[in-house]
Amino acid sequence: MKQIRWIIALLALSMLGSGCRKQVPDEYGQLDNETKLQRKYVNTFAWNVMDTYYLWRDEIAPALEKWQTWEEPIQKVADIRYKDAAGKNIDRWTMLTDDFASLVGGVSGHTRTVGMDFVLYYADQARTRIVAVVTYTYGDSPAARAGLRRGDAILTVDGLEMKSDNYQKVVRERLLGGGTVKLGLSDGRSVTVTAEDMYENPVQTVRILERPGGKKVGYLHYTSFTLDSCKDLVDVFKEFVQAGIGDLVLDLRYNGGGYLVTEEVLASMLAPVSVVEAGKVLFQDIYNSKLAAEIKEDPTCFDTEFRFMVDGKLQVVSTAGANPDLPRLYVLVTGSSASASESLVCCLRPYMDVILVGEQTSGKYCAGYLMEARNWYDAARTSLGEEEYTKALPYVDNWGIYVMYSRYADCNGVTLSMPDGIAPDYDGEDDPLDGCALGDPRETMLAFALGLIEGRTRSAETSSVPPLSPVPVGFHPRTPGLLVGRY
């Protein structure tokens, strides 16, 4: 995988070759001068990024030519994303934002949060009332300290019931609003939590399960491919090796993706040792024709040492001695399993038996690049000229883009998750209301996987399900499906 700093240099060279976006007749209408200038500089940034990187650049070329500097840029990027002939969004992920810091924080795991994840369900047959059911809480988070746990059903938020016409607003502005929120629970409790700046460590639950016949099964609940989690993952897998596990259940049911280098680290501990030692191909990237003509790189291969930058500091991670050398892998997935989670499954399958239990995955088959507008202008400083560069900076502060720049494929050029996700080998329903914590052998999806490992198609260790049987809403509150290139 190429280094991000090299991509910035490539983009600057692209600008030098083509110049800034040609100005068009003034159609700003009644916009004030400050808004005109901001749109000019943000659109210049967004247009050049899309014209250089965008995976479907060739398909949207006519729309790129019509892009005007007076248009509202966030909506413009959303409108210009690639659609099929019927108008369906093929690209559901590329986005421009005026709060780049929050987007990066969400991917890194360092964010302002109450530290819990949840899914939304209808609470009545008429599908008008909605509840939020906690799926898990992060360790030492405000939610965990307040006693919230998997299976808690939130009926009211700051006294408000969630309904079909207001739930998205309530979730985004209150549950995920970064402030203090009062929650009314189905068991009669009232819990108040206040968001705080914290690291949501995605290495959530680790278990070594002693099973009948002396079998040892490792279990890892992993929620995001963050850079900071690489060393924690190595420690976990060394524990698995020392314990002598014979099988592993990797729980990715709520994992929406993250950084490619973290996927590489994890893959190097999951694939057979012989594959890793041979340095075989893990994945390859497919680009648009413009980028493909500039990039001459080898595919990404398995390795045991990884170097990457975090906050300007070089990190070195070694996976030596952390591979349990398993012949197969069991993975728990749902529709929230996306991007790096799907890529991991796709790229391991040529080398080992990867058994999926759960629901069809998200279908996020692209890698994206997070680019801050300030960094783009820094790279383009010479071609812009000092005066224009200095003038632009205040107008692009905290603006940035997450742009799809490649499609990942396995060593054979296959992308299993394209176009609509990877179908499970065994259907299984995630049930946070089953009364069991994640990692408990009786928990519904883990029990099913253990049944497969032990030669039973259905596990006998299922728990009783509470009376409430809600229907999924089909809306996930967090930004799903991030797959970010290596720093």
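What counts, and where the lines are drawn
Residues numbered from 1 in each chain as written. Predicted model: local features only at pLDDT ≥ 70, side-chain atom pairs only at ≥ 80, totals over all residues. Heavy atoms only, no water. Helix = DSSP H or I, 4+ residues; strand = E, 2+ residues; numbered from the N terminus. Buried < 20%, exposed > 50% of the residue type's maximum accessible area, 1.4 Å probe, protein only. Contact = heavy atoms within 4.5 Å. Pairing = 2+ DSSP bridges. Axes fitted to C-alpha atoms, helices over the stretch in contact; angles between N-to-C directions. Core = buried A, V, L, I, M, F, W, Y, C linked by side-chain atoms within 4.5 Å. Phe/Tyr/Trp six-rings, centres within 6.5 Å; stacked < 30°, edge-to-face > 60°. Polar contact = N/O pair within 3.5 Å; in protein donor to acceptor, adjacent residues only side chain to side chain. Right-handed = clockwise from strand over helix to strand, strands pointing away. Patch = residues over 30% accessible without salt bridge, like charges linked within 9 Å, V, L, I, M, F, W, Y side chains within 5 Å. Areas by Shrake-Rupley, 256 points an atom, 1.4 Å probe, with all protein chains shown as cover. Salt bridge = Lys/Arg side-chain N within 4 Å of Asp/Glu carboxyl O. Parallel < 35°, antiparallel > 145°, perpendicular 65-115°, else oblique. Nonpolar A, V, L, I, M, F, W, Y, C, P; charged D, E, K, R; others polar. Expected span 1.5 Å × (residues − 1). Left-handed = near helix turned anticlockwise from the far one by under 90°.

A. Spatial organisation of the overall build of the protein. Of regular secondary structure, the protein possesses 16 helices and 24 strands. The 487 residues of the protein split such that 54% are buried. For the protein, long-range pairs separated by at least 24 residues make up 75% of all intrachain contacts whose partners lie at least 6 apart in sequence.

B. Up close: the sheet that holds strand β11 (residues 216–222). Within the open sheet, the six strands sit side by side as β10-β11-β12-β18-β19-β22. Their pairing is mixed. Of all strands in the sheet, those bounded by a partner on one side alone are β10 (203–210) and β22 (426–427). By the bridge criterion, seven bridges tie β10 to β11 in an arrangement that is antiparallel. Paired with V206 across the two strands is L220, which belongs to β11. The strands touched by helix α8 (residues 230–243) within the sheet are β10, β11 and β12 (247–251), with β10 carrying the most contacts at an inclination of about 0°. Together, β11, β12 and β18 (328–333) form the strand contacts of helix α9 (residues 260–270), whose direction differs from that of β12 by roughly 160°.

C. Fine view of the pairing of strand β17 (residues 313–318). Bridging between strand β16 (residues 305–310) and β17 involves six bridges; their strand directions are antiparallel. Counted as the bridge partner of F306 is V317 from β17. Between β16 and β17, which pair antiparallel and follow one another directly, the connecting turn spans two residues, one of which, D311, has a positive phi of 55°.

D. Fine view of the nonpolar core. With 98 residues, the main nonpolar core has F237, L266, L348 and Y377 as its most contacted residues. Other than its neighbours up to four places away in sequence, F237 contacts L220, L248, L266, M269, L270, A322 and P324. Core analysis: the next-biggest nonpolar cluster, separate from the first, contains 23 residues, I154, M162, V170 and V193 among them.

E. Spatial organisation of unusual backbone geometry. Between M418 and P419 the backbone carries a cis peptide bond, its omega angle lying at 5°. With a phi close to 55°, R127 is a non-glycine residue in the positive phi region. Residue classification places R127 among the partly exposed residues on the basis of a relative accessible area of 43%. In this model, N398 sits at a positive phi of 70°, which is unusual for a non-glycine residue.

F. Local environment of the packing of aromatic side chains. Scanning the model with the defined rule gives 16 aromatic pairs in all. Judged by centre distance (5.8 Å) and plane angle (20°), the ring pair of W56 and Y82 falls under stacked. Here W56, found in the loop between α2 (33–53) and α3 (61–66), pairs with Y82, found in the loop between α4 (73–80) and β1 (95–97); they are 26 residues apart in sequence, far enough to count as distant. Ring geometry for Y426 and F448: centres 6.0 Å apart, planes at 55°, overall tilted. With a gap of 22 residues between them, Y426 in strand β22 and F448 in helix α16 (residues 444–453) connect regions that are remote in the sequence.

G. Region of interest: the side chain of T415. Tracing the chain through its elements places T415 in the loop between β21 (400–409) and β22. On the basis of relative accessible area, T415 is assigned to the buried category, the value being 8%. One polar contact links T415 to R407, side chain to side chain, over a distance of 2.8 Å.

H. Spotlight on the pairing of β12. Along β12, five of the five residues are buried, which leaves the element largely enclosed by surrounding structure. What you see with β12 is no split at all: D247, V249 and D251 on one side and L248 and L250 on the other are buried throughout. Bridge analysis of β11 against β12 gives five bridges, and the strand direction is parallel. Residue pairing across strands places H221 opposite D251, the latter belonging to β12. Remark: the β11/α8/β12 crossover connection has right-handed handedness.

I. Expanded view of a nonpolar patch on the surface. Together, M309, L314 and V316 make up a nonpolar patch on the protein surface, roughly 230 Å² of accessible area in all. Judged by its relative accessible area of 32%, M309 is partly exposed.

J. Expanded view of the environment of Y389. You can see Y389 is positioned in helix α15 (residues 386–392). Considered as a pair, Y389 and D378 are 11 residues apart in the sequence and their alpha carbons are 7.9 Å apart. Non-local contacts of Y389, meaning those with residues more than four positions away in its chain, are made with R374, Y377, D378 and R381.

K. Just the packing of α8 against α9, in detail. Where α8 meets α9, the axes come as close as 10 Å, and the angle between the chain directions of the two elements is 10°. Viewed along their axes, α8 and α9 adopt a mutual orientation that is roughly parallel. Across the interface between the two elements, C230, L233, V234 and F237 from α8 touch T262, V265, L266, M269 and L270 from α9. Its residues assigned to classes, the contact of α8 with α9 shows eight nonpolar, one polar and no charged.

L. Layout of the pattern of salt bridges. Per the stated rule, a full pass over the model turns up 26 salt bridges. The shortest N-O distance in the salt bridge between D251 and R253 comes to 2.8 Å. Each member of the salt-bridge network shares a partner with another, and the members are R150, D251, R253, D430 and E443.

M. Focus on α2. Taking 1.5 Å as the rise per residue, α2 with 21 residues should run 30 Å; its terminal C-alpha atoms sit 30 Å apart, in good agreement. Summarising burial for α2: 16 of the 21 residues are buried, a large majority.

N. Summary view of the packing of α2 against α4. Between α2 and α4, the shortest axis-to-axis distance is 10 Å and the interhelical angle comes to 25°. The orientation of α2 with respect to α4, classified from their angle, is roughly parallel. For α2 against α4, the interelement crossing comes out right-handed. In this structure, α2 uses R39, V42, N43, A46 and M50 to contact α4, whose residues at the interface are P73, V77 and I80. Residues of the contact of α2 with α4, tallied by class, amount to six nonpolar, one polar and one charged.

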